[in-house]
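Per-entry structural report
Take a look at the letters that make up each chain.
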Amino acid sequence: MSKEAVEPAQAAPDTRVAPTPADAGDAGYSKDLKARHVNMIAIGGAIGTGLFLGAGGRLHNAGPALALAYLVCGVFAFFVVRALGELVLYRPSSGSFVSYAREFLGEKGAYVAGWMYFLNWSTTGIADITAIALYTHYWSMFTSIPQWVLALIALAVVLTVNLISVKIFGEMEFWFAIIKVATLVGFMLIGIFLLATQHDVGGSKPGLSVISDNGGVFPHGLMPVVLVMQGVIFAYAALELVGVAAGETAEPEKVVPRAVNSIMWRVALFYVGSVVLLALLLPGSVYSADQSPFVTVLSKIGVPAAGDVMNLVVLTAAMSSLNSGLYSTGRILRSMAMAGSAPKFTRVMSRSQVPYGGILLTCGVCVLGVGLNYLVPSQAFEIVLNVASLGIISTWVIIMVCHMIFVRRARAGLVDRPHFQLKFSPVTEIATIAFLLVCLGMMWNDDEVGRKTLLLIPVIAVMLVAGWFGVRRQVARNSAQELPDGAR
C-alpha cells in the first residue's frame with residue numbers, strides 16, 4: 001500500500017468517506033452487491049461441501065461427538081470473522097486481509113497471506129470438483145463416466161458463470177444459499193418428525209438409543225474427535241468471504257455487522273443441529289466418506305426420490321463453493337498484482353469489472369485437480385482437503401495477527417476502532433491462534449494423509465521464499481512509483 005494511503009488512514013481512520021481507494025487494488029470494481037447478496041454469501045460460506053459431504057466420513061470416524069467438534073471450531077471461526085469484520089469497517093477493501101496484512105505486516109506479510117489463501121482456495125476448488133463428481137456418480141446413468149471427466153465439466157461451467165459479472169455472481173450465490181438453507185431446514189424438519197413419530201430408519205428406531213447402543217457419544221474415544229477438527233476447520237473456510245465481498249457493496253458499515261453477527265447462530269443451528277440429528281437417526285458406522293450423510297438418511301427411510309433430490313442439492317452446494325473460490329481468489333490476486341507480488345496478468349479487469357486474470361489462474365490449478373481425480377479418484381477429496389487446511393489455518397492466523405496490531409495501534413491513538421469490535425483483545429486472538437496451531441499439529445497423528453500434509457510445510461516455505469526473491473524488486477519498484485515526489 002502506498003504512503004499516501006497509510007497517512008490518511010492514521011489521520012482519519014474512517015476511510016469509508018475517502019474519495020479514493022486506500023488500496024490500489026480496490027480501484028475499478030463496481031458496487032453491485034446488495035445487502036441480501038452479502039448476507040446470503042455469509043450463509044453460503046457457513047454451509048458448504050464440508051458439511052454436505054465431509055460430515056459423512058467424520059461421523060463414521062468420530063461418532064456423535066462430531067457435534068462438539070463443530071461447536072468448538074465454530075466459536076473460533078466466529079472470532080476470526082468478527083476480527084475481520086472490524087478491520088472491514090475500519091477500511092473496506094476487495095483485497096480484504098491481504099490489504100490489511102500489507103498495512104500492518106508489510107509487503108512480505110501480504111505476500112504470504114495472499115499466496116497461502118490462493119493455496120487454500122485452489123485446493124478447495126479441487127475438493128469441490130471432486131465432490132461434484134462423487135455426487136454425480138450417485139445416479140446410475142453417470143457411473144460409467146470417469147470421475148475426472150465430470151470434474152472437468154463442472155469446472156468449465158462454473159468458470160463461465162464467474163466471468164460474467166459480480167452482479168451475476170451475487171445473484172447465483174444468493175439463490176445457491178437459499179437452496180442450501182431451505183434444504184437443511186427441510187431435512188431438520190424431516191429428522192424431527194422421524195424422531196417424534198419413532199419412524200423406522202434403516203431397520204431401527206431413531207433416538208438416544210441409537211447413540212447409547214453404538215458406543216455412546218465417543219464410540220472411538222477422544223482422539224478421533226480431535227483429529228477431525230482440522231477437517232472441521234475446512235468446513236468453515238469460506239466465512240472470510242464476507243470481508244472480500246464488502247469491497248463491492250455500497251454500504252459495508254451496515255451490511256457487514258449484520259452478516260457477521262448472524263454467523264454464530266447459523267453454526268449452532270445448521271452444523272451442530274444437523275450433526276445431532278444425524279447421530280440420533282443412524283449409527284455413525286452407517287455413514288461413509290463417499291456419500292452425503294443426508295442422502296444416506298433419506299435413502300434409508302424408503303423414499304428413493306428423496307435421496308435423489310438431496311443429492312441434487314448438495315451438488316449445488318459444491319458448485320456454489322467452487323464459484324466462491326474463483327470469485328475471492330480473483331480479487332485477492334489482483335490486490336497482490338497491483339503491489340507486484342503476483343503475475344501482472346492477474347491485475348487485468350474485464351469490461352464487466354471482473355478480475356478475470358486471477359480467476360483463470362485459480363482455474364488452471366483446479367485443472368491439476370482433474371488429473372488428481374484421474375490418478376487417485378478414491379483419495380482425491382481427503383488429500384486436497386488436508387492441503388486446503390494448511391491454507392485456511394495460515395490465513396486465519398494472519399487475520400488475527402493483523403487484528404492484534406490494529407488494536408495496539410488504536411490504543412496508541414494512531415487509528416480509531418469502529419463500534420463493531422472483537423472483544424477481549426489480545427486474549428481472544430492469542431487463544432484462537434493457539435487453537436489453530438494445535439489443530440495443525442494434530443494432523444501428525446493421521447499417518448495416511450495428515451502427516452504427509454505437514455511434511456509439505458517446509459516445501460511450501462521454500463517455494464514462498466524463492467517466490468519472494470523473484471518478486472521483491474517488482475514490489476520495491478511499485479512501492480517507489482506510489483510514493484509522492486517529495487518522498488522519493
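The structure this text deals with has already been given above.
Notes on the structure in this doc start here.

Reading the values: the criteria
Residues numbered from 1 in each chain as written. Predicted model: local features only at pLDDT ≥ 70, side-chain atom pairs only at ≥ 80, totals over all residues. Heavy atoms only, no water. Helix = DSSP H or I, 4+ residues; strand = E, 2+ residues; numbered from the N terminus. Buried < 20%, exposed > 50% of the residue type's maximum accessible area, 1.4 Å probe, protein only. Contact = heavy atoms within 4.5 Å. Areas by Shrake-Rupley, 256 points an atom, 1.4 Å probe, with all protein chains shown as cover. Phe/Tyr/Trp six-rings, centres within 6.5 Å; stacked < 30°, edge-to-face > 60°. Polar contact = N/O pair within 3.5 Å; in protein donor to acceptor, adjacent residues only side chain to side chain. Axes fitted to C-alpha atoms, helices over the stretch in contact; angles between N-to-C directions. Nonpolar A, V, L, I, M, F, W, Y, C, P; charged D, E, K, R; others polar. Patch = residues over 30% accessible without salt bridge, like charges linked within 9 Å, V, L, I, M, F, W, Y side chains within 5 Å. Salt bridge = Lys/Arg side-chain N within 4 Å of Asp/Glu carboxyl O.

1. Structural notes on the overall build of the protein chain
- The helix and strand tally for the protein chain stands at 22 helices and 0 strands.
- For the protein chain, the residues scored as buried account for 59% of the 488 residues in total.
- Counted over contacts in the protein chain with a minimum sequence separation of 6, partners at least 24 positions apart contribute 80%.
- For the protein chain, the accessible area works out to roughly 18,700 Å², and carbon and sulfur atoms hold 68% of it.

2. Regarding the environment of Tyr271
- Along the chain, Tyr271 turns up in helix H15 (residues 263–281).
- Looking at Tyr271, the relative accessible area reads 0%, which means it is buried.
- In this structure the C-alpha to C-alpha distance between Tyr271 and Leu71, which are 200 residues apart in sequence, comes to 7.8 Å.

3. So, the packing of aromatic side chains
- Applying the stated criterion across every chain, the model contains 15 aromatic pairs.
- Their ring planes at 75° and their centres at 4.6 Å tell us that Phe97 and Tyr117 sit as a pair that is edge-to-face. Of this pair, Phe97 sits in helix H6 (residues 96–105) while Tyr117 sits in helix H7 (residues 107–136); the two residues are 20 residues apart in sequence, bridging distant segments of the chain. Each member of the pair, Phe97 together with Tyr117, is buried.

4. Remarks on the side chain of Thr316
- Summarising the element assignment, Thr316 is placed in helix H17 (residues 304–339).
- Looking at Thr316, the relative accessible area reads 14%, which means it is buried.
- A polar contact is formed between the side chain of Thr316 and the backbone oxygen of Leu312, at a distance of 3.0 Å.
- In contact with Thr316, other than residues within four places in its own chain, are Phe176 and Ile179.

5. Some thoughts on the side chain of Thr124
- Within the fold, Thr124 resides in helix H7.
- Within the local environment of Thr124, its side chain forms a polar contact with the backbone oxygen of Asn120, the two atoms lying 2.6 Å apart.
- With residues up to four places along the chain from it excluded, the contact list for Thr124 reads Phe234, Ser321 and Ala388.

6. Structural notes on the packing of H6 against H17
- Remark: H6 packs on H17, axes separated minimally by 8 Å, with the N-to-C direction vectors making an angle of 30°. Contacts between H6 and H17 involve Ser96, Phe97, Val98 and Arg102 from the first element and Ile332, Ser335, Met336 and Ala339 from the second.
- Class assignment of the residues belonging to the contact of H6 with H17 gives a composition of 5 nonpolar, 2 polar and 1 charged.

7. Points about a nonpolar patch on the surface
- Together, Leu68, Leu71, Val217, Phe218 and Leu222 give the surface a local cluster of nonpolar side chains, amounting to about 430 Å² of exposed area.
- Position of Phe218 relative to the elements: it lies in the loop between helix H10 (208–212) and helix H11 (223–227).
- Judged by relative accessible area, which is 36%, Phe218 ranks as partly exposed.

8. So, the pattern of salt bridges
- Counted under the stated rule, the structure contains 3 salt bridges.
- Between Glu103 and Arg91 there is a salt bridge, and its shortest N-O distance comes to 2.9 Å. You can see Glu103 sitting in helix H6 and its partner Arg91 sitting in the loop between helix H5 (66–90) and H6, a full 12 residues away along the chain. Take Glu103 and Arg91: they sit in the same class, and that class is buried.

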